[in-house]
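Architecture and fold: a report
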Amino acid sequence: MKSSSTMAAEPEPITLDWSRTALVIIDMQRDFLEPGGFGETLGNDVSQLARAVQPIAAVLAAARDREMLVIHTREGHLPDLSDAPPAKIERGAPSLRIGDPGPMGRILIRGEAGHDIIPALYPLDSEIVIDKPGKGAFYATEFGDILQKYGIENLLVCGVTTEVCVNTTVREANDRGYRCVVISDGCASYFPEFHEMGLKMIKAQGGIFGWVTDSAAVLQALGD
Ligand code: C5J
């Protein structure tokens, strides 16, 4: 296996040194993908997110074969809500608010069934899981320190939702100097048009926030 590969991507191909690349899987939690969770309380059709599962599973298996650094994130809050700003809890008119009891436990609360990662993408014990209170993976977490510790320069990013936590994390990472490559079919949104626009925003203007590829190109490059 080559230690680095050139991957088809937009706006242009990118060469990645695998030892300096992490696979980052954003918020593939039951609260976003399954009925009765946070996503549905906001009025969303959660079935829209299912399309990202299989492409992520394929890339995750290949990354594990390569022994790449794999990092999963979960959005959620402490049981006492001390890390949940009132402005987030009080917003809108959801059917249940963050912290309310729901069919998968308290909505978006760490340790509850709904907060956990879906079984199809469940982290191995050896993989890193970042619990984040915000949309971006850097805010109020150890994510940045972990990337530095492992000498990571490039992030292969997938997960949900494209325009919220994926975009926020990519923007945070881009400002910190990471090359972000977003896997288009490994991301999804409750709003297909936001998914399309979220990807376009990343790769526009010569890749203002990063690159966009797809799972087939990642698998091909990882197999080099
Ligand atoms: C949202 C996320 N959509 N993980 N969170 O609230 O994108």
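Notes on the structure in this doc start here. (Residues numbered from 1 in each chain as written. Predicted model: local features only at pLDDT ≥ 70, side-chain atom pairs only at ≥ 80, totals over all residues. Heavy atoms only, no water.)

1. Overview of the packing of aromatic side chains
If you walk through the whole model with that rule in mind, you get 4 aromatic pairs. Relative to F143, the ring of F138 has its centre 4.8 Å away and its plane inclined at 70°; by these criteria the two rings are edge-to-face. Three or more aromatic residues joined by ring pairs make a cluster, and in this case those are F138, F143 and Y178. (Phe/Tyr/Trp six-rings, centres within 6.5 Å; stacked < 30°, edge-to-face > 60°.)

2. Remarks on the site of the ligand
Taken together, D27, F32, F38, E75, K135, V160, T161, V164 and C165 make up the full set of residues adjacent to the ligand. Between the ligand and the protein, one listed contact pairs a nitrogen atom with a backbone N or O atom of V160 at 3.1 Å. Contact between the ligand and T161: an oxygen atom at 2.9 Å from a main-chain N or O atom of the residue. Starting from 230 Å² of accessible surface for the ligand in isolation, the protein chains cover 93%. According to the grid-proximity analysis, the pocket containing the ligand is the largest pocket. Class assignment for the residues of the shell around the ligand results in 5 nonpolar, 1 polar and 3 charged. (Near = heavy atom within 4 Å. Polar contact = N/O pair within 3.5 Å; in protein donor to acceptor, adjacent residues only side chain to side chain. Areas by Shrake-Rupley, 256 points an atom, 1.4 Å probe, with all protein chains shown as cover. 1 Å grid on protein atoms, 1.4 Å probe; cavity = no way out; pocket = protein on both sides within 12 Å on 5 of 7 lines; lining within 4 Å. Sits in = over half its atoms within 2 Å of the grid points. Nonpolar A, V, L, I, M, F, W, Y, C, P; charged D, E, K, R; others polar.)

3. A closer look at the pairing of strand β9 (residues 179-188)
The element β9 is extensively covered by neighbouring structure, given that 8 of its 10 residues are classed as buried. Two elements, strand β8 (residues 154-160) and β9, share 6 bridges in a ladder whose sense is parallel. Looking at the pairing, G159 lines up with C187 of β9. In this fold, the crossover linking β8 to β9 by way of helix α6 (residues 162-175) has right-handed handedness. Crossover connection from β9 via helix α7 (residues 192-207) to parallel strand β10 (residues 211-213): handedness right-handed. (Buried < 20%, exposed > 50% of the residue type's maximum accessible area, 1.4 Å probe, protein only. Helix = DSSP H or I, 4+ residues; strand = E, 2+ residues; numbered from the N terminus. Pairing = 2+ DSSP bridges. Right-handed = clockwise from strand over helix to strand, strands pointing away.)

4. So, α6
For α6, built from 14 residues, the straight-helix expectation of 20 Å at 1.5 Å per residue is met to within 8% by its first-to-last C-alpha distance of 18 Å. Those residues of α6 not exposed but buried are T162, C165, V166, N167, T169, V170, E172 and A173. Directly beyond the C-terminal end of α6, a positive phi value near 95° is found at G177. (Expected span 1.5 Å × (residues − 1).)

5. Focus on unusual backbone geometry
Looking along the chain, the bond that leaves E10 and enters P11 is cis, with omega of 5°. Its place among the elements puts P11 in the loop between β1 (4-7) and β2 (14-17). Note the cis peptide between V160 and T161, where omega equals -15°. On the secondary structure map, T161 appears in the loop between β8 and α6. Of note in this structure, L81 is not a glycine but carries a positive phi near 65°. Among the structural elements, L81 can be located in the loop between β4 (69-75) and α4 (86-89).

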